[in-house]
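Each chain, letter by letter, is given below.
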Amino acid sequence: MTQPKFLIIAIDGGAAAGKSSTSRGLSERFHLMHVDTGSFYRATTLKLLEAGIAPTTDYALVAGLQSLQLDTAISGNNASITINGWVPDESIRSQKVNDNVSHYAALPELRAFLLDYQRSQVQVARDNGFNGLVMEGRDIGSVIFPDANLRLFLHADPEKRAMRRAKEGITDSIEKRDRIDSTRKAAPLQYPDGAIFLDTSELSLEEVIENVSKIVEPLRFA
Ligand code: C5P
């Protein structure tokens, strides 16, 4: 049987737009490695907060970043970042991290620090026998993989997004994070030209995955 083509799928969108559930669904259906780059920004934010390093461009930030050794741990289809051997847990989803992450993510030094690491996940996916990777974030289709086989931009109405987070039992500063993420200078959250725009407000998760799978299927043997 012909081997499917190795696919890179980029999924961007605001907080709680449905990126993680969609990415997980696609990763299972097509055996793609799932990479949640939001967790990278969350994990580095937590480490910098713990080290008492403020979200400002200065020597302390540069030195702090240099002290972080990044690697990857695979669990099922999920690729998790590890920092100096630490595998991030639920602590990266705390209110404290929600409140601070966008300020750290706006720092060009942190984005540059994570850039090569994010791109290196392609090789990790190949080495681990995946059919490709699905990477979610804010700048995947615009900065990290502008040549991805598929670039999706997910949108959902603010009320729907708040409802999703409430259902998950999570207090999140969705609108505040989106505002900071879309107005920052470095790699802002924006709809990348040529990406496929999907409004998930009125769709169930199954419908979103079904719709996107119909786009992915023909790409696999193209
Ligand atoms: O995806 P999630 O909501 O967990 O992301 C947390 C934060 O990480 C975002 O609000 C954003 O500030 C930052 N982020 C980013 N670029 C990415 C992924 C996440 O700036 N590619």
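My aim in this report is to walk through the structure given alongside it, one point at a time.

**Observations regarding the packing of helix H8 (residues 158–167) against helix H9 (residues 174–183)**
Relative orientation of the contacting elements H8 and H9 amounts to 125°, with a least axis distance of 10 Å. If you check the angle between H8 and H9, you find them oblique. Contact residues: H8 offers Arg161, Ala162 and Arg165, while H9 offers Ile174, Arg177 and Asp178. Residue classes in the contact of H8 with H9 are distributed as two nonpolar, no polar and four charged.

**A closer look at the sheet that holds strand E4 (residues 78–83)**
In sheet architecture, strand pairing relies on hydrogen bonds along the backbone and comes in two forms, parallel and antiparallel. The seven strands are arranged E3-E4-E2-E5-E1-E6-E7 in an open sheet whose pairing can be described as mixed. Strands with a single pairing partner mark the edges of an open sheet, and in this sheet they are strand E3 (70–75) and strand E7 (196–199). For this sheet, the mean angle separating the axes of adjacent strands, direction not counted, is 25°. Sheet contacts for helix H1 (residues 19–30): strand E1 (7–13), strand E2 (33–36), strand E5 (132–137) and strand E6 (150–155); angle to E5, the most-contacted strand, approximately 175°. Contacts between helix H5 (residues 108–119) and the sheet are confined to E3, E4 and E5, with E3 contributing the most and set at about 40° to the helix.

**Details of unusual backbone geometry**
One non-glycine residue, Asn84, adopts positive backbone phi at about 45°. As for its position among the elements, Asn84 is in the loop between E4 and helix H4 (95–105). Backbone geometry places Ala187, a non-glycine residue, at a positive phi of 45°. Relative to the elements of secondary structure, Ala187 occurs in the loop between H9 and E7. Look at Ala187 and you get buried, because its relative accessible area is 18%.

Analysis parameters
Residues numbered from 1 in each chain as written. Predicted model: local features only at pLDDT ≥ 70, side-chain atom pairs only at ≥ 80, totals over all residues. Heavy atoms only, no water. Axes fitted to C-alpha atoms, helices over the stretch in contact; angles between N-to-C directions. Helix = DSSP H or I, 4+ residues; strand = E, 2+ residues; numbered from the N terminus. Parallel < 35°, antiparallel > 145°, perpendicular 65-115°, else oblique. Contact = heavy atoms within 4.5 Å. Nonpolar A, V, L, I, M, F, W, Y, C, P; charged D, E, K, R; others polar. Pairing = 2+ DSSP bridges. Buried < 20%, exposed > 50% of the residue type's maximum accessible area, 1.4 Å probe, protein only.

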